[in-house]
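# Structural description and commentary
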Amino acid sequence: MPPPPPRVDEIAATGFQRAAGDYERGRPGYPAEAVERMRQEIGIEADQTVVDLAAGTGKLTRRLVELLPAAVIAVEPIAGMRAQLERVLPGVTVLDGTAEQIPLADGAAHAVFVAQAFHWFRVSEAAAEIARVLDVDGALAIVRNQEVESGTAPAVTAALTLVRERVHHPSSPRHRTWREELERTRLFEPFHEWTVDNHVTQDIETFRHRIASRSYIGAMDHDQRARLLDDVQAALERHGIRPGESFAVPTVTRVIWARARRSR
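Residues numbered from 1 in each chain as written. Predicted model: local features only at pLDDT ≥ 70, side-chain atom pairs only at ≥ 80, totals over all residues. Heavy atoms only, no water.

### So, the environment of A99
What counts here: We count a stretch as a helix when DSSP gives it H or I for four or more residues in a row; a strand needs E for two or more, and each element gets its number in order from the N terminus. Relative accessibility under 20% of the residue-type maximum defines a buried residue, over 50% an exposed one, and the middle range a partly exposed one, all with a 1.4 Å probe and only protein chains included.
Checked against the element boundaries, A99 lands in the loop between β3 (93–95) and β4 (109–115). With relative accessibility at 4%, the residue A99 sits in the buried group. Through-space distance from the C-alpha of A99 to that of W120 is 9.4 Å; in sequence the pair is 21 residues apart.

### A look at the sheet that holds β3
We apply this condition: Note: two strands are recorded as paired if DSSP finds a minimum of 2 bridges between them. The convention used is that axes are lines fitted to C-alpha atoms, helices contributing only their stretch in contact, and that angles between N-to-C directions extend from 0 to 180 degrees.
Pairing is mixed across the open sheet formed by 7 strands, whose spatial order is β3-β2-β1-β4-β5-β9-β6. Both edges of this open sheet fall to β3 and β6 (192–198), since each of them pairs with a single strand only. Taking each pair of neighbouring strands and ignoring which way they run, the sheet shows an average axis angle of 20°.

### Brief notes about the side chain of E100
Note the cut-off: Charged residues are defined here as Lys and Arg on the positive side and Asp and Glu on the negative side; His and the ends of the chain fall outside this count. Here, a salt bridge means any Lys or Arg side-chain nitrogen found within 4 Å of an Asp or Glu carboxyl oxygen. Residues are treated as being in contact if the distance between any of their heavy atoms lies within 4.5 Å.
On the secondary structure map, E100 appears in the loop between β3 and β4. Within the buried core, E100 has no salt-bridge partner, and the shortest N-O distance to an opposite charge, that of R122, equals 4.3 Å. With residues up to four places along the chain from it excluded, the contact list for E100 reads R7, F121, R122, E125, A126 and E129.

### Details of the nonpolar core
Rules: Residues belong to one nonpolar core when they are buried, are Ala, Val, Leu, Ile, Met, Phe, Trp, Tyr or Cys, and are joined through side-chain atoms within 4.5 Å.
Core analysis: the biggest nonpolar cluster contains 31 residues, and L53, V112, F118, L140, L182 and F188 have the highest contact counts within it. Elements represented by at least two residues in this core include exactly β1 (49–53), β2 (71–75), β4, α6 (123–133), β5 (134–147), α8 (172–184) and β9 (251–259). Considering each element in turn, this core owes the most residues, 6 residues, to α6. Beyond its immediate chain neighbours, meaning those up to four positions away, L140 contacts V112, V114, F118, I130, L134, L182, F188, F191, I256, W257 and A258. Grouped together as the second largest cluster of nonpolar side chains are 24 residues, V167, I211, A235 and V249 included.

### Structural notes on unusual backbone geometry
With phi around 55°, A54 is a residue other than glycine that occupies positive phi space. Within the secondary structure, A54 sits in the loop between β1 and α4 (61–67). On the basis of relative accessible area, A54 is assigned to the buried category, the value being 19%. Despite not being glycine, Q116 has its phi angle at roughly 65°, a positive value. Assignment of secondary structure puts Q116 in the loop between β4 and α6.

So, in structure tokens, the structure goes:
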């Protein structure tokens, strides 16, 4: 009999545990417009519960707490991430759990939000578990911040190109396939999709943390990781960005969402 799959992908578990501080310091937050639009489209009320699944350090959680009338529960499997989340949001319920084993009762949530994490899930198991914890009108919302590489930000494009060329990204295939896998489960109605601009400004230090927060970089050998981050900084400086100087990192927030099928 084959051994059970790991609770969390090994690269994700190692990288995010090591990089939890970088994640908190370097990852951008989410625009209020995206959360407010989701509140209206899903229909989230004060007597309901929403879940931030794979909540990380609470980058999305804090927006949900700020803008939604409902109770917010964060679920995160990695201890280092939970520690950061509990530090910044001490009043929020934070549970140890995974997408495949959510520590909530059937129908406990009206919405499950997932930010930057769905590609790490075992999709069919996670979809069934998310559908289980959603109430009869409940919805899944998948939220992603994505850098926009364009001619308006050559320094950012150069830095991101360097990272792509130097580092193997083990979850790249999952980025391409998770949505097809999710739709094949037929546990959710057809997905709605839209994007909003996310106006992100960073400096070299916070951008270094942003790159360092990627799981596959957090999992690297310490010296290799340090050299890569130094080279990222050098790429920015070659394009005229000085330490301490703010610069725009063109970013959009992409949302896809759907209600669970009532016949599930």
